[in-house]
Amino acid sequence: MIKTPNPLQATLTCPKCGHGQQSTLPTGACMPFYVCRNCKAMIKAKDGDCCVFCSYGDRPCPLKSS
Ligand SMILES: [Zn+2]
């Protein structure tokens, strides 16, 4: 298990270019989309997922795990 310095940080991996970016997990609200810093694509959560962290992050959003 890799130690995470900040528990509110997750890595989102862009499905278009594969770029991984650190992003802060939202607390109390879902994040249905984000903009990739590398290719500027707007990444939306997959069908059935409430949040881009659930679809493309290395950890699910806080709402899902609680
Ligand atoms: Zn990208």
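Preceding block: the structure.
Rules behind the numbers
- Residues numbered from 1 in each chain as written.
- Predicted model: local features only at pLDDT ≥ 70, side-chain atom pairs only at ≥ 80, totals over all residues.
- Core = buried A, V, L, I, M, F, W, Y, C linked by C-beta atoms within 7 Å.
- Buried ≥ 20, exposed ≤ 12 C-beta atoms within 10 Å, placed from the backbone.
- Helix = DSSP H or I, 4+ residues; strand = E, 2+ residues; numbered from the N terminus.
- Pairing = 2+ DSSP bridges.

Asks: Now, about the nonpolar core: what can you tell me, with residues and values included?
Replies: Ala10, Leu12, Tyr34, Ala45, Cys51, Val52, Phe53, Tyr56 and Cys61 together form the largest nonpolar core, which totals 9 residues. Contributions of two or more residues to this core are made by strand S1 (9-13) and helix H1 (52-56). A per-element tally of this core places H1 first, with 3 residues.

Asks: Run through unusual backbone geometry, naming residues and quoting values.
Replies: Although it is not a glycine, lysine 40 adopts a positive phi angle of roughly 65°. Assignment of secondary structure puts lysine 40 in the loop between strand S3 (33-35) and strand S4 (42-44).

Asks: Give a description of the pairing of S1 that names residues and reports values.
Replies: Walk down a regular strand and you will see the side chains alternate between the two sheet faces. Taking every second residue as pointing to the same face, the buried face of S1 carries Ala10 and Leu12, while none of Gln9, Thr11 and Thr13 on the other face is buried. Sheet topology places S1 next to strand S2 (residues 20-24); 5 bridges connect them, and they run antiparallel. When the sheet's bridge partners are listed, leucine 12 is paired in S2 with glutamine 21.

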